Structures are given as C-alpha cells and as structure tokens.
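Analysis of the macromolecular model
Spelled out, the chains give:
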Amino acid sequence: MDVPPGVDLRQLRCLVAIIDEGGFTDAAAVLGVSQAAVSRTLASLEQGLGVRLLRRTSRIVTPTATGLRVAAHARRVLGEVEALVREAASGHTRLRIGYAWSALGRHTLAFQRRWAERSPETELQLVRVNSGTAGLAEGACDMAVVRRPLEDRRFESVIVGLERRLCALAADDPLARRRSVRLADLSGRTLLIDRRTGTTTPELWPPDARPATEETHDVDDWLTVIATGRSVGMTAESTANQYPRPGVAYRPVRDAEPVAVRLVWWRDDPHPATQSVLELLTALYRER
C-alpha cells in the first residue's frame, strides 16, 4: 500500500471520482465538496507527481495514459485502506484461531458446531499457519492452538488438554502389525521432524539410543515421505484424526509422554472471546 511522498488518500479519491463520474462537477457532488476544491486537489496531485493525469476540454475530461495507470494503482491503495478499516472494525465480530498442523483433531468439528450455537454473533475461522506461534506473532490470528511451550513473554497460554503421542509409519512396515510400539522400537529408524512446530525431538530417547533425524516443514510432505517407508514420524493423536492417509498407519507409543495442547493469546491484547474459547476447549478435551 505504498503512496508516493506528498500524495494523500484525499487526492487519490479525487482522481478516481473524476474519472468515474466523467467530470469535475459530478465528482464534487459525490465527494461532497465544491468544484473548485476538486480542481485544486487534482492540480496538487499532478504537481506532486510531476505528470499530467487528465485532459480537459470545455465538454469532457479524459484520463491520459499515465492517468489511467495512476488511477488503477489508486484504486488498489484505496481498496487496501478500506480493507484495513474493516479489519480493525471487525475485531470483535470475528475470531481467528491459528494452528500449525492439526487444529483440534477429533474435537475440531464439535468445537466449530458448538461455537456457532453458543456465539453466533462471532464468526469463527480456523487458520493454518506453520510457524512456532501458529500465526499469532504474524498477526494472522487472534489466538492459537499449539502443542509446544512458548518462551515468548508477550503471550499467555493455558493447557486445555492432553493428547496421546502416536507413531506414523508406512502401512506395510512390520511395526504396523502391532497395536502399539515403544520408543526403543524406533531408535534405529530415521525420524522425520519439523523443528519449528513439531512436538517430537531426539531428546525423547536416551542419549545412547536416539534415532537419526531428517527435517520437513509441511504435514503433507511429512506424510508422503513416511508412506514410502524411508522414515517414521511421531506426532500428537490430533494429526491422525485430521490427516488419515492411505499408506500411513498410526500406532500409539505406549511409553512416551502425552502432548500438552495449549491455547495461546496476546498477553496485553486478548480477544474478548478468549475465556469462552478456553472454557469450551477444556470441556471438549475432558470428553473422551
């Protein structure tokens, strides 16, 4: 939304109005100012840009080629400003919850439906952003669901529930025949991890039995590689609910600690619905 120095939104609106209305008189009526004010505003814009934007005759006003290009850019700038105003005004009528990989797993649909029933005045949007704060630090959401602790003191967080830790492996892997696996069963394998947002690190294993690792940054790529049998993965059970995949089997890791699910929000600027979300998520995770 770059505007050249010395150019303001009033001038851009004036140019667009003149072109849309076909002249200074009608533009003045639309803008609610005098015709003389429109002429002065347009002249100041042309002077500031150093170019002629309009051709004027006694009968018609037409844009120059440069005027058409400037007007097209002006429309984009004005549109972005309107979107910015709507964004600021809709802060309490919309709720954006970010997540990195798997939202709320099996609770996702129930959360969406119960929210719509209880708070129809606040539109709920789930936003997938594969970053450490699931989009919160980037401004993509109002609060986020994360599965690893955040050290950033700008954020407040509360654990809303626990999820089992599962191993993801190729469906034809010998371990897939078992009902569950142990950490020791995976120590000789290559573990596919996402260091930015994943819940699994080699530190889950003893120092002398840690698996080799490879990195990925996307859940679809993670699943695609695991299906080939080259690597195995470990994840929260929500991933299995959110991403069932032919060729991939999920098995519980019975000696691995569960994954804590956290709701995170800005400490100094919480969304008004924060407490309601916290209560609903906590209730959902208590239901088994």
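Look a little higher up for the structure.
Residues numbered from 1 in each chain as written. Predicted model: local features only at pLDDT ≥ 70, side-chain atom pairs only at ≥ 80, totals over all residues. Heavy atoms only, no water.

**Topic: helix α6 (residues 219–228)**
For clarity, the threshold we go by: To sort residues, take the accessible area from a 1.4 Å probe on protein chains only and compare it with the maximum for the residue type: under 20% means buried, over 50% means exposed, and anything in between is partly exposed. Under the DSSP-based scheme used, a helix requires at least four consecutive residues in state H or I and a strand at least two consecutive residues in state E, with every element numbered from the N terminus. Our arc is simply the arc of the directions from the helix axis toward the C-beta atoms. Pairs of N or O atoms within 3.5 Å make up the polar contacts considered here, provided that, within protein, one atom can donate a hydrogen while the other can accept it, and that residues adjacent in sequence are counted only when both atoms are side-chain atoms.
Of the residues making up α6, those classed as buried are V219, W222, L223, V225 and I226. Viewed end-on, α6 has its buried residues packed into an arc of 165 degrees, placing them on one side of the element. Where α6 begins, the side chain of D218 points an oxygen toward the backbone nitrogen of D220, at a separation of 2.9 Å. At the exit of α6 stands G229, carrying a positive phi of roughly 90 degrees.

**Remarks on helix α5 (residues 108–118)**
Quick note on the threshold: Note on contacts: a residue pair is in contact if any heavy atoms of the two residues lie within 4.5 Å.
Those residues of α5 lying buried are T108, F111 and W115. For α5, the buried positions fall inside an angular range of 60 degrees around the axis, keeping them on one side. Seen from the buried face of α5, the exposed residues on the opposite side, beyond 90 degrees, are R113 and E117. Considering only its buried residues, α5 is in contact with β3 (94–99), β4 (123–128), α7 (237–242) and α8 (274–286).

**Quick word on the pattern of salt bridges**
Put simply, the rule reads: Salt bridges, as used here, are contacts in which a Lys or Arg side-chain nitrogen is within 4 Å of a carboxyl oxygen on Asp or Glu.
Within the structure shown, the criterion is met by 16 salt bridges. Taking the shortest distance from any N to any O, the salt bridge between R75 and D20 comes out at 2.7 Å. Separated by 55 residues along the polypeptide, R75 in helix α4 (residues 65–89) and D20 in helix α1 (residues 9–21) bring together distant segments of the chain. A salt bridge links D220 to R245, with the shortest nitrogen-to-oxygen separation between them at 2.9 Å. Within this pair, whereas D220 is found in helix α6, its partner R245 is found in the loop between α7 and β11 (248–252), the two being separated by 25 residues in sequence. On the accessibility criterion, R245 (26% relative accessible area) is partly exposed.

**Re the sheet that holds strand β6 (residues 155–163)**
Convention followed: Paired strands, as defined in this entry, are two strands with at least two bridges between them according to DSSP. Here the axes come from fitting lines to C-alpha atoms, over the contacting stretch only for helices, and the angles between their N-to-C directions go from 0 to 180 degrees.
Judged by pairing direction, the sheet is mixed, and its five strands sit side by side in the order β4-β3-β5-β12-β6 without closing on themselves. In this open sheet, the two edge strands, each paired with only one partner strand, are β4 and β6. Averaged over all adjacent pairs, the angle separating strand axes in this sheet is 25 degrees, with direction ignored. In this sheet, strand β5 (residues 143–146) lies alongside β3 in parallel orientation, the contact comprising three bridges.

**Remarks on the sheet that holds β11**
Taken together, the three strands give an open sheet; going across it, the order is β10-β7-β11, and neighbouring strands pair in antiparallel fashion. The open sheet has two free edges, formed respectively by β10 (233–236) and β11, since each of these has just one partner strand. Recorded for the sheet is a direction-independent mean angle of 35 degrees between the axes of neighbouring strands. Strand direction decides the pairing type here: strand β7 (residues 165–170) and β11, joined by five bridges, are antiparallel. Across the sheet, C167 pairs through a bridge with R251, a residue of β11.

**What about the nonpolar core?**
As a reminder, the rule being used: By nonpolar core is meant a set of buried Ala, Val, Leu, Ile, Met, Phe, Trp, Tyr and Cys residues that side-chain atoms within 4.5 Å join together.
If you look at the biggest cluster of nonpolar residues, it comprises 22 residues, and the most contacted ones within it are L15, I18, F24, L42 and L54. Within the residue set of this core, elements represented by two or more residues are α1, α2 (24–31), α3 (35–49) and α4. Not counting the four nearest positions on each side in its chain, L15 is found in contact with L42, L45, L53, L54, G67, V70 and A71.

**A look at the packing of aromatic side chains**
Threshold: Stacked, tilted and edge-to-face pairs are distinguished by plane angle, under 30 degrees for stacked and over 60 for edge-to-face with tilted covering the rest, among Phe, Tyr and Trp rings (Trp via its six-membered ring) whose centres lie within 6.5 Å.
Counted by the stated rule, this structure contains three aromatic pairs. Arranged with centres 5.2 Å apart and planes meeting at 65 degrees, the rings of W101 and W222 form a pair that is edge-to-face. Here W101 is found in the loop between β3 and α5, whereas its partner W222 is found in helix α6, with 121 residues between them in sequence. Their ring planes at 40 degrees and their centres at 6.3 Å tell us that F111 and W115 sit as a pair that is tilted. Residue F111 and its partner W115 are located together in helix α5, separated by four residues, close to a single helical turn.

**A closer look at the packing of α5 against α8**
Threshold: Note on angle classes: values under 35 degrees are labelled roughly parallel, values over 145 roughly antiparallel, values of 65 to 115 roughly perpendicular, and the remainder oblique. Crossing handedness follows the turn of the near helix against the far one: under a right angle anticlockwise gives a left-handed crossing, and clockwise gives a right-handed one. Amino acid classes used here: Ala, Val, Leu, Ile, Met, Phe, Trp, Tyr, Cys and Pro are nonpolar; Asp, Glu, Lys and Arg are charged; the rest, including Gly, are polar.
Between α5 and α8, the least distance of the axes is 11 Å, while the angle of their chain directions is 135 degrees. On the basis of their axis angle, the class for α5 and α8 is oblique. Classified by chirality, the crossing of α8 by α5 is right-handed. Touching A110, F111, R114, W115 and R118 of α5 are S276, V277, L280, L281 and L284, all from α8. Broken down by class, the residue content of the contact of α5 with α8 amounts to seven nonpolar, one polar and two charged.

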